[in-house]
Each structure stands twice: as C-alpha cells, then as structure tokens.
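If you want the building blocks of each chain, they are given just below.
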Amino acid sequence: MEKALVFGAGLSGLGAKELLEKKGYEVYLIDDKVAKTSKEGIEILNNEKIEFIVKSPGISWKAELLQVAKEKNVQVISEIDLAYKYMDKNIKVFSITGTNGKTTTATKIYELLDFVGYKARLAGNAGFSFAKLVADEEPLEYVVLELSSYQLENNPQIHSNIAGIINLTPDHLTRYKTVEDYYITKFNIFSKQTEDDFALINLDDPVFLGLAEREEIKSLMKAKNVYLSKEKKGNIFVYNDEIRIMNDLADRAENLSESEILEKSRFLIKVGDLALKGVHNLENMLFLIGVAAIVKVPDEKVVEFLSSTKALEHRLENFFVKGNTTFINDSKGTNVESTLKAIDSFNNDIIMILGGDDKKIDNTELVKRIAEKVERVYLIGDNAPLLIDDMEKINYKNYKNLETLENVLNYIKENEDFKKDQTILFSPATSSFCQFRSFEHRGKVFKELTVKILGN
C-alpha cells in the first residue's frame, strides 16, 4: 500500500485524507494540535517511503518538516491539485482569486448556477474542501473555486475553464518577500488555461494591467479574455448607470458612439437595482455576469438573481439596529483595501472598530480615509499602537484604544447616542489571530457581544 502524508488537519487536510484513503493510500495525518506531531512526521519521512505530502495552505514553507521533505526529494502538493487529479474531467471548473471580494464573488457565482438549475458546488478557500467534494463523487456540471494566493503557490496544476483575478492590493506581507511576489502568485490561476478557456480581466485594476504587460505573465495567459469595467470599456461594462453586455463578446465598448453602444450591446440591469450595494460589490457582480455570459445563462435569470441575492455573513452585514444606529459586521475586512471600500459604502456618521494583527501593511491610505469620513475610532488588537502613531502623524485625535471587542461595546453602550443617524462599522483592516481563530469567529463574537451588551 502506498503511503502519503497530509500536513495540517483543517478542512483541506481532512478532505485530502478522506480522498487519499478512498484511493487506497495509507495516510499519516500531521498536525501538532490534534494529530501526529511534526517531529513524528519527520521520523516517518526518515524511516518510511512516502509518495508525497499534501500541504494545507496556511502552513509556512519554512516548516522544518517541509525542509526535510525537500532534502529527501519528497514531492509536496496542495489539496487543490490532489483533488483536481482525481476529479471527473467532464466537470467544468471556474476559479476566482483576488485580494478582496473573492469569497463573495465565488459564492454568488455558485449560487447563480444553482439558482438556474445547474448541478454545481462551491469549494476551496470559501470553507469547503475540494478534496472532500471529489471524494463524495457527486455528479456535477460545475465546481466554483475560491482560491487564495496560498493555494496558488508551488506551480499549481489545476486547469480552470474560467478564471479571474478580481483585484490586487497589498496583503500577506508576512508570507511573501515583496508585495510583487504576492501579486505574481495570483497569476498562477491562469497558468494551465488554453485558448478554449476564458480569463476575466478587470480593466479598472491598474496593478493587474501593469503586471499583465510583462512577458512572463503574457506567457501564462493563453485563454480568451473577457474584459470587465465599471466604466465605458470592455465587453461587460457600466454606461449611464446601466450594466451592459456586448452582443458579441469579442467586441469592446471603447471608442463607440452612444448609438453604436445601444446597437452593439444589450441592457442587463441598472446599477441601482443590484441587491448588493457598493462599488466593491459592483466589481464583484461584473465577474459573476462575465461567467453568466460565457455559460449563456438567460439574461432574465441573471437579473432575477442580481436583484434579490443577499449579502454574505461577515461582509458588510447589517445585523443589529439600536435607535437610529446601525451595526455593521464587516469582519471579512482583513486588509486595508477591503476596509476602505467598507468606509466608502456609508454616507452617514461612521464610528469604527478597527485593529488586530500587525501584518506589516502600510496604513497611510486607511488613516487618511478615516480622517476624511470617520467620526471616531475604537481600537483593538496588537497593531493598535501602530495605528495610533499613523493617526497622530496626520493629527487625527478621535481614537481610543480599548484593546478588546467587549471593552469597546461596553464603552459604546455608555457613551454613544443611539438616537443619531450613524453606523457602527466593525471592519478591522487586518486579521486578528492575536484574539480570534478566524474572521468568521471574530464576526460571530462581535455579533454575539453586540446583542448581549446592547440588546436591551
């Protein structure tokens, strides 16, 4: 019996273990908290023939076990590549990545396909193991994958029929040497595509467009491009606050007159009729519309879905109202760009809850936007002193470091006037492993504490 090692006992690791065992492997599960330790894993590598290691995405490549595997020439693969190896290749794969919006976009693409009646499932970084999905052998037409940069490292082998990068902004700088390394990793999503496939291109993202001009990136991108824009350009675009689709996806809107636009494109939906509000969600939905146009989902079904779909939990989630004060859970705001978009989604007075881990990110743009649009800030987490320094540099004084969510909510209870038309926005602009297991755990705690402390 062939042997494999699975490093990490989270959702992806457990899914990989199940799939490998179903395929006849003896599997050693390595996880210092709940399974064999890394030290035991190294002993196994030293004493037994291991065919390969399946590495969970969150584990650093610097881990000692992986260094030993490298010395012994033991192949290390991802759960995504393992799953794709055994997946029925008649199933079409649609893959989405990006710094912000990838969970919403991937989830809504899956929900649209399901709404229309296709046999589809969602997997990857969205919280569902791709390997487990493959192990279950459910007859499917489509799999929608949300892929993080971690899942696109190490020369990924997955072939996506449709792939897209929503946007690129700085993140994960404790993982990558430079922000450019992080960006380039994202482009691996296109690497196994052919000219029969489709790449969704955001014409409004200057970072993406700049990198896409490089020869090494051009060599990755062999698929047909479908261009998306919030302006009058590309194949799917916004014109006079209407989302329009070129009748021929090979045509683009640039340089067309108004009469030519009306003749060569069709109206889909008014921007104001989208159920998911905000510029960031417009960007996300353009990617969804791109997939729908390629798959030829009827326009009326797309409109019905776009006008009725609901926001995801922890993403600008309106969950509690006290007086005229609305509480928004945006725990998915794990980087600066995401939180900037959250701030820009509101026009009334904003009171922010901000902070968490120090991800070595430049917060200059964040504190500038806070100074422009935020009444006051309550800080939590390890990076609070850094945020204070940045705010002091621009003479913004309306902050208070309260360290924990519970302290913040108790302070809000005693000091805020809930008769005012205002928004309490929890969008931390970073991760919070210093206090929480995940952004989901953080958002859940925020909601529970809000109701417990302010619900009376």
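Residues numbered from 1 in each chain as written. Predicted model: local features only at pLDDT ≥ 70, side-chain atom pairs only at ≥ 80, totals over all residues. Heavy atoms only, no water.

### Here we look at the overall build of the protein chain
Part 1: Across its full length, the protein chain carries 17 helices and 19 strands.
Part 2: Computed over the C-alpha atoms, the radius of gyration of the protein chain is 23 Å, within 12% of the 23 Å expected from 2.2 N^0.38 for a compact globule of 456 residues.
Part 3: With respect to the principal axes defined by its C-alpha atoms, the protein chain has extents near 70 × 60 × 40 Å.
Part 4: Residue burial in the protein chain is summarised as follows: out of 456 residues, 56% are buried.
Part 5: For the protein chain, contacts bridging at least 24 residues in sequence account for 68% of all contacts bridging at least 6.
Part 6: As presented, the protein chain carries roughly 20,300 Å² of accessible surface, and 47% of it is formed by carbon and sulfur atoms.
Part 7: Across the protein chain, the mean location of the 61 positive side-chain charges is 2 Å away from that of the 72 negative side-chain charges. (Helix = DSSP H or I, 4+ residues; strand = E, 2+ residues; numbered from the N terminus. Rg over C-alpha atoms; globule rule 2.2 N^0.38 Å. Buried < 20%, exposed > 50% of the residue type's maximum accessible area, 1.4 Å probe, protein only. Contact = heavy atoms within 4.5 Å. Areas by Shrake-Rupley, 256 points an atom, 1.4 Å probe, with all protein chains shown as cover. Lys, Arg positive; Asp, Glu negative; His and termini not counted. Charge placed at Lys NZ, Arg CZ, Asp CG, Glu CD.)

### Let's talk about the nonpolar core
Part 1: By size, the foremost hydrophobic cluster in this structure holds 51 residues, and its most contacted members are L20, F130, F187, F190, F208 and M221.
Part 2: Sorting elements by how many residues they give to this core places helix α6 (residues 130-136) first, with 5 residues.
Part 3: With residues up to four places along the chain from it excluded, the contact list for F208 reads I165, L168, F187, F190, I201 and M221.
Part 4: Membership of the second largest hydrophobic core comes to 40 residues, among which are L112, I162, L276 and I294. (Core = buried A, V, L, I, M, F, W, Y, C linked by side-chain atoms within 4.5 Å.)

### Looking at the environment of E48
Part 1: Within the fold, E48 resides in the loop between α2 (38-47) and β3 (52-55).
Part 2: Looking at E48, the relative accessible area reads 27%, which means it is partly exposed.
Part 3: As a C-alpha pair, E48 and L20 span 28 residues in sequence and 17 Å in three-dimensional space.
Part 4: Dropping the residues within four chain positions of it, E48 is found in contact with K3 and Y28.
Part 5: Side chain to side chain, E48 and K3 meet in a polar contact 2.5 Å long. (Polar contact = N/O pair within 3.5 Å; in protein donor to acceptor, adjacent residues only side chain to side chain.)

### Observations concerning the sheet that holds strand β16 (residues 349-354)
Part 1: Read from one edge to the other, the open sheet built from 6 strands follows the order β14-β15-β19-β16-β17-β18, with strand pairing classed as mixed. This sheet does not close on itself; its edge strands, each paired only once, are β14 (317-322) and β18 (399-403). On average, adjacent strands in this sheet sit at an angle of 20° to one another, irrespective of strand direction.
Part 2: Each of β16, β17 (374-380) and β19 (422-426) touches helix α13 (residues 336-343); the most contacted strand, β16, lies at about 155° to it.
Part 3: Its contacts with the sheet put helix α14 (residues 364-373) on β16 and β17, and the angle it makes with β17 is roughly 135°. (Pairing = 2+ DSSP bridges. Axes fitted to C-alpha atoms, helices over the stretch in contact; angles between N-to-C directions.)

### Digging into the pattern of salt bridges
Opposite charge on two side chains permits pairing when their charged atoms draw close.
Part 1: Applying the stated criterion across every chain, the model contains 31 salt bridges.
Part 2: Here D204 and K230 are joined by a salt bridge, their closest N and O atoms 3.3 Å apart. A residue pair is termed long-range when its members are at least 10 positions apart, and D204 in the loop between β9 (198-202) and α8 (206-212) and K230 in the loop between β10 (224-229) and β11 (236-239) qualify at 26 residues.
Part 3: When the shortest N-O distance is used, the salt bridge between E317 and K447 registers 2.9 Å. (Salt bridge = Lys/Arg side-chain N within 4 Å of Asp/Glu carboxyl O.)

### Focus: the packing of α2 against helix α3 (residues 64-71)
Part 1: Taken N-terminus to C-terminus, the directions of α2 and α3 make an angle of 10°; their axes are 9 Å apart at the nearest point. In terms of their interaxial angle, α2 and α3 are classed as roughly parallel. Residues S38, G41, I42, L45 and N46 of α2 pack against E64, L65, V68 and A69 of α3.
Part 2: Looking at the contact of α2 with α3 residue by residue, the classes come out as 5 nonpolar, 3 polar and 1 charged. (Parallel < 35°, antiparallel > 145°, perpendicular 65-115°, else oblique. Nonpolar A, V, L, I, M, F, W, Y, C, P; charged D, E, K, R; others polar.)

### Focus: the pairing of β10
Part 1: The pairing of β9 with β10 spans 5 bridges and is classified as parallel. By the bridge assignment, A199 is partnered in β10 with N225.
Part 2: Pairing geometry for β10 and β11, over 2 bridges, is parallel. Pairing of S229 across the sheet is with F237, part of β11.

Any functional reading would require information beyond the geometric quantities listed.
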